Amino acid sequence: MTKPFRIDADLVIPGRGTPVRDGTVVIEAGSVRYAGSRAGAPADVPVRATVPTLMPGLWDAHVHLAGVVATRFEDMLITSPALAGARLAKDLEAMLRAGYTSVRDAAGLGVWIAPAVEDGTIAGPTIYSAGAAISPTGGHSDVHSYPEHWVHPANFREQGFRTADGVTECLKAVRSQLRNNARVIKICATGGVVSVVDHPRHQQFSSDELRVMVEEAARADRAVMAHCHGKRGVMAAIEAGVRTIEHGSHVDEEAAAAMREKDIMLVPTRTIIEVGLRQLARFPRHVARKFEEIAEDHARAMAIAHAAGVTIAAGSDLVTSGPASPLPFAYMGGEAALLVRAGLSPVEAIEAATANGALTLGPQAPRSGMLAPGYDADLIALDIDPLEHLDRLGREEHVLGVWKGGELRHSTVGLGA
């Protein structure tokens, strides 16, 4: 068994709670044994490294591990899983080097590639995947530009999409994701931006359909993440008992109060909107138009939710492989700074990007995202103070080291084993 060791830091940010100057973290058997001031640390534990800043590994609570280079849903159906997996291997390694130790795959190939990360075949963050996103026929996770009789058999390729109509099919769709070991269930309660025909304001599933999917997920201790833009869909998802509202573009005071009362979290994914607005010419007109239509309301909804006390987790909604692609994972780190624009303090934004990420998984939540006794020793060392330079969080050039389960997985300055 590896002997306990400690890492000293000028600044320790615990993920939740007050940052500590001149702090240290003691790691033993893959977990945090102590986190706090150096004065209170066990004296018999050797110091392995001293760094400027130590904090929990980052969480992105909403990515799509699709392995595609374009944003069209059609590409997810026609791209070979082998090709997509090869791209994702490189993407996941880059995420780890940027300080991400956990991601929630909101629909993609995460259920299939997660075991390769777990057994060490490839390097990357721990993946908590939804498998396929579930929507009704004609909904956000249907591929509208292909004939229906082509698309619906593709449900069983499980490459990110699953259509279901009526209570029986919805029940089956959830069970199919559980069969694939999905760690969370993703449903589309409203239309979306990238899909062709549906509109973000429109509610999709009926209340009965939503209810049965949430109930079935709960039987397996799985939380439900609900893609929601329009208020009607948001309210229906809240009533059904989902764990998280994803996007929440039209959350108002009433919806925010209901979320706060039921302890439903918001994963606003402002990054994809900001990145999309900067390059509208690269998208089909229907996508560019919907980006423009929701942008202002979305920013307002984030601020409303925060002011109401809704718990927020950081998620980028990025999806494409390669730095030249339209929505690359390289922009993941920008979400924390965008949360500050919505009213969060830097400490709260870091909490959203660490401790709160794990909470999005509900009963499946790991002990992750915090530097506290008993939590997984997933942590990162930085050469900056992210409280002062939040816009640099999640950028590889500022990461000195990344530990997962107490094991050093990436280092740029010889931090030792």
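Check the entry above for the structure.
Basis of the calculations
All residue numbers refer to position in the chain's written sequence, counted from 1. Local features are withheld for residues below a pLDDT of 70 in this predicted model, meaning they are given only at 70 or higher, and side-chain atom pairs are given and counted only at 80 or more; totals for whole chains, interfaces and linings count all residues. Working from all heavy atoms in the structure, the side-chain values ignore hydrogens and water. A run of H or I in DSSP becomes a helix once it reaches four residues, and a run of E becomes a strand once it reaches two; helices and strands are each numbered from the N terminus. All radius of gyration figures rest on C-alpha atoms, and the globule criterion is 2.2 Å times the number of residues raised to 0.38. When a residue's accessible area, from a 1.4 Å probe over protein chains only, is under 20% of the maximum for its type it is buried; when over 50% it is exposed; and in between it is partly exposed. Here, residues are in contact when the closest pair of their heavy atoms is within 4.5 Å. What sets the accessible areas is the Shrake-Rupley method with a 1.4 Å probe; for residues, cover comes only from the shown protein chains. To define axes, lines are fitted to C-alpha atoms, for helices over the stretch in contact only, and angles between the resulting N-to-C directions are given on a 0 to 180 degree scale. Crossing chirality is assigned from the near helix's rotation relative to the far helix, an anticlockwise turn below a right angle marking it left-handed and a clockwise turn marking it right-handed. Amino acids outside the nonpolar list (Ala, Val, Leu, Ile, Met, Phe, Trp, Tyr, Cys, Pro) and the charged list (Asp, Glu, Lys, Arg) are all regarded as polar, and Gly is one of them. We call a set of buried residues a nonpolar core when its members are Ala, Val, Leu, Ile, Met, Phe, Trp, Tyr or Cys and they connect through side-chain atoms within 4.5 Å of each other. Here, strands pair whenever DSSP counts at least two bridges between them. The salt bridge criterion pairs a side-chain nitrogen of Lys or Arg with a carboxyl oxygen of Asp or Glu, the two atoms within 4 Å. Roughly parallel here means an angle under 35 degrees, roughly antiparallel means over 145, roughly perpendicular means 65 to 115, and every remaining angle is called oblique. Here the expected span of a helix is defined as 1.5 Å times the quantity of residues minus one. Bend at a given residue is defined as the angle between two axes, one fitted to the seven residues that end at that position and one fitted to the seven that begin there.

Colleague: Before we go on, may I ask you to explain the overall build of the protein chain in this structure?
Modeller: A tally of helices and strands in the protein chain yields 13 helices and 16 strands. For 417 residues, the compact-globule estimate of 2.2 N^0.38 gives 22 Å, and the protein chain sits close to it at 21 Å. The principal-axis extent of the C-alpha atoms belonging to the protein chain is close to 65 × 45 × 45 Å. Expressed as a percentage of its 417 residues, the buried residues of the protein chain come to 61%. Considering only contacts within the protein chain whose residues lie at least 6 apart along the sequence, 67% involve residues at least 24 apart. Accessible surface, the protein chain: about 15600 Å² in total, of which carbon and sulfur atoms supply 52%.

Colleague: Looking at this structure, how should I read the environment of Tyr-375?
Modeller: Within the secondary structure, Tyr-375 is located in the loop between helix 13 (355-359) and strand 14 (379-382). The class for Tyr-375 is buried, based on a relative accessible area of 18%. In this structure, the C-alpha to C-alpha distance between Tyr-375 and Ala-132, residues 243 residues apart in sequence, is 29 Å. Contacts of Tyr-375, omitting those with residues within four sequence positions, involve Ser-31, Val-32, Arg-367, Ser-368 and Met-370.

Colleague: In this structure, what is going on with the packing of helix 9 (residues 270-277) against helix 10 (residues 285-307)? I would like to understand it.
Modeller: In a packed pair of helices, the relevant descriptors are the angle between the two axes and the axis-to-axis distance. Following both chains from N to C, one finds helix 9 and helix 10 inclined at 140 degrees, their axes separated by 10 Å at the closest point. Where helix 9 crosses over helix 10, the handedness of that crossing is left-handed. On the side of helix 9, the interface is formed by Arg-270, Ile-272, Ile-273, Gly-276 and Leu-277, while helix 10 contributes Phe-291, Glu-292, Ile-294, Ala-295, His-298, Ala-299 and Met-302. Residues that form the contact of helix 9 with helix 10 fall into these classes: eight nonpolar, two polar and two charged.

Colleague: Please explain the nonpolar core as it appears in this structure.
Modeller: Nonpolar side chains in soluble globular proteins tend to be buried together. Counting residues in each nonpolar core, the largest one holds 101 residues, and the members touching the most others are Leu-65, Ile-134, Ile-185, Ile-187, Met-213, Val-242 and Ile-245. No other element matches helix 10, which puts eight residues into this core. Ile-185 has contacts with Ile-134, Val-174, Gln-177, Leu-178, Ala-217, Arg-222, Ala-223, Val-224 and Met-225, leaving out every residue within four places of it along the chain. Counting residues in hydrophobic clusters, the runner-up holds 17 residues, among them Phe-5, Val-12, Val-25 and Val-32.

Colleague: Before we go on, may I ask you to explain the sheet that holds strand 5 (residues 58-63) in this structure?
Modeller: In sheet architecture, strand pairing relies on hydrogen bonds along the backbone and comes in two forms, parallel and antiparallel. Strand order in the open sheet made by the three strands is 5-6-7, with parallel pairing throughout. Looking at the sheet topology across the chains shown, the edges are occupied by strand 5 and strand 7 (126-129). Put simply, the sheet's adjacent strands are angled 15 degrees from each other on average, direction ignored. When strand 5 meets strand 6 (residues 100-105), the two strands line up parallel, connected through four bridges.

Colleague: Even after reading the chapter, I still don't get the pattern of salt bridges, so can you show me in this structure?
Modeller: Two side chains that carry opposite charge are able to pair once their charged atoms sit near each other. On inspection of all chains with the given rule, the structure shows 26 salt bridges. Note that Lys-231 is salt-bridged to Asp-252, the shortest N-O span being 2.8 Å. Within this pair, whereas Lys-231 is found in helix 7 (residues 231-240), its partner Asp-252 is found in the loop between strand 12 (244-247) and helix 8 (253-262), the two being separated by 21 residues in sequence. What emerges from the salt-bridge pattern is a single network uniting Arg-201, Glu-296, Asp-297 and Arg-300.

Colleague: Would you mind showing me how to read the packing of helix 7 against helix 8 here?
Modeller: Relative to each other, helix 7 and helix 8 sit at 15 degrees, their axes nearing to 10 Å. For the element pair helix 7 / helix 8, the angle class is roughly parallel. Crossing of helix 7 against helix 8: the hand is left-handed. Two secondary-structure elements touch here, helix 7 through Lys-231, Val-234, Met-235, Ile-238 and Glu-239 and helix 8 through Glu-254, Ala-255, Ala-258, Met-259 and Lys-262.

Colleague: Just to check I follow, could you spell out helix 10 for this structure?
Modeller: Structurally, the α-helix is built with 3.6 residues per turn, so residues lying three or four positions apart point the same way. Compared with the 33 Å implied by 1.5 Å per residue over 23 residues, the 34 Å span of helix 10 between its first and last C-alpha is a close match. In the structure, helix 10 departs most strongly from a straight axis at Ala-295, where the bend amounts to approximately 40 degrees. All of the buried residues in helix 10 are His-286, Val-287, Ala-288, Lys-290, Phe-291, Ile-294, Ala-295, His-298, Ala-301, Met-302, Ile-304 and Ala-305. Contacts from the buried residues of helix 10 go to strand 12, helix 8, strand 13 (265-267), helix 9 and helix 11 (335-341).

Colleague: Before we go on, may I ask you to explain the sheet that holds strand 2 (residues 20-28) in this structure?
Modeller: In spatial order, the strands read 3-2-1-4-14-15-16; together these seven strands make up an open sheet with mixed pairing. A single partner strand is all that each edge strand has here, and the edge strands are strand 3 (31-37) and strand 16 (407-411). Strand-to-strand, the axes of this sheet are offset by a mean angle of 35 degrees, without reference to chain direction. Here strand 1 (residues 5-12) runs beside strand 4 (residues 47-56); their pairing, made up of six bridges, is parallel. When the sheet's bridge partners are listed, Leu-11 is paired in strand 4 with Thr-53.

Colleague: Looking at this model, I keep getting lost on the pairing of strand 7. Mind explaining?
Modeller: One face of the sheet, then the other: side chains in a regular strand alternate in exactly this way. Of the strand pairs in this sheet, strand 6 and strand 7 are connected by four bridges, and their pairing is parallel. Bridging from a neighbouring strand, Arg-104 pairs with Tyr-128 of strand 7.

Colleague: Got a minute to help me understand the side chain of Asp-385 in this structure?
Modeller: Locating Asp-385 in the fold gives a position in the loop between strand 14 and strand 15 (399-404). Discounting residues that sit within four places of it in the chain, Asp-385 has contacts with Leu-11, Arg-21 and Thr-53.

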